[in-house]
Amino acid sequence: MSMSDPIADYLTRVRNAVQAHHKKVEIPASNLKKAITDILLQQKLIAGYVKVDDEKQGILRITLKYNEGQSVISGLRRISRPGIRTYQSSDKLPRINNGLGLAIISTSKGLMTDKQARKANIGGEVLCTIW
């Protein structure tokens, strides 16, 4: 089965797991999804993850993080889609919830948060926002 937007699938799986109060979520692995997961771990939005090898592409098993029964992740939104790509320069990168959330930007230096991209003065494709 081919998937037209694997990042949207990733975000939907995490969103559904958070709403159902699951402890873990399994997602088919790719280098881009692993990079997004690394950013979520850096920003302390998830408790951890492991890459499980199977006969195919592998699986990312993500452990979700909760604080007093509430998920640390309140919401996720896909911004740039395959049909409508969204690129922003470093001075026009979005600020999510007045800096409380984050946007994941695909730059020429790899994936980074909006704050890191502003600091490095690099623009790029705005993949998604998380708050």
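In what follows, the structure referred to is the one given above.
We now turn to the structure provided with this report.

Rules used in this analysis
- Residues numbered from 1 in each chain as written.
- Predicted model: local features only at pLDDT ≥ 70, side-chain atom pairs only at ≥ 80, totals over all residues.
- Heavy atoms only, no water.
- Core = buried A, V, L, I, M, F, W, Y, C linked by side-chain atoms within 4.5 Å.
- Buried < 20%, exposed > 50% of the residue type's maximum accessible area, 1.4 Å probe, protein only.
- Helix = DSSP H or I, 4+ residues; strand = E, 2+ residues; numbered from the N terminus.
- Contact = heavy atoms within 4.5 Å.
- Salt bridge = Lys/Arg side-chain N within 4 Å of Asp/Glu carboxyl O.
- Polar contact = N/O pair within 3.5 Å; in protein donor to acceptor, adjacent residues only side chain to side chain.

## Thoughts on the nonpolar core
Then, number 1: With 25 residues, the main nonpolar core has Tyr10, Val14, Ile62, Leu64, Ile104 and Ile130 as its most contacted residues.
Then, number 2: Of all the secondary structure elements, the ones that give two or more residues to this core are helix H1 (6-19), strand S1 (24-28), helix H2 (31-42), strand S2 (46-52), strand S3 (59-64), strand S8 (102-107) and strand S10 (124-130).
Then, number 3: With six residues, the top contributor of residues to this core is H1.
Then, number 4: Other than its neighbours up to four places away in sequence, valine 14 contacts Val25, Ile27, Leu64, Ile73 and Leu76.
Then, number 5: Ranked by size, the runner-up nonpolar core spans seven residues in total, among them Ile96, Ala103, Ala117 and Val126.

## Quick look at the pattern of salt bridges
Then, number 1: Enumeration according to the criterion identifies six salt bridges in this entry.
Then, number 2: Note that arginine 78 is salt-bridged to aspartate 5, the shortest N-O span being 3.0 Å. Linking arginine 78 in strand S6 (residues 76-78) with aspartate 5 in the segment before H1, this pair joins segments that are 73 residues apart in sequence. A single burial state applies to arginine 78 and to aspartate 5, both of which are buried.
Then, number 3: Lysine 34 is the salt-bridge partner of aspartate 38, the closest N and O atoms lying 3.4 Å from each other. Note that aspartate 38 and lysine 34 are positioned in helix H2 at a spacing of four residues, about one turn of the helix.
Then, number 4: Judged by relative accessible area, which is 29%, aspartate 38 ranks as partly exposed.

## A word on the side chain of serine 80
Then, number 1: Mapped onto the elements of the fold, serine 80 is located in the loop between S6 and strand S7 (87-88).
Then, number 2: A polar atom in the side chain of serine 80 sits 3.0 Å from the backbone nitrogen of threonine 86.
Then, number 3: Among residues more than four places away in sequence, those in contact with serine 80 are Arg85, Thr86, Glu125, Val126 and Leu127.

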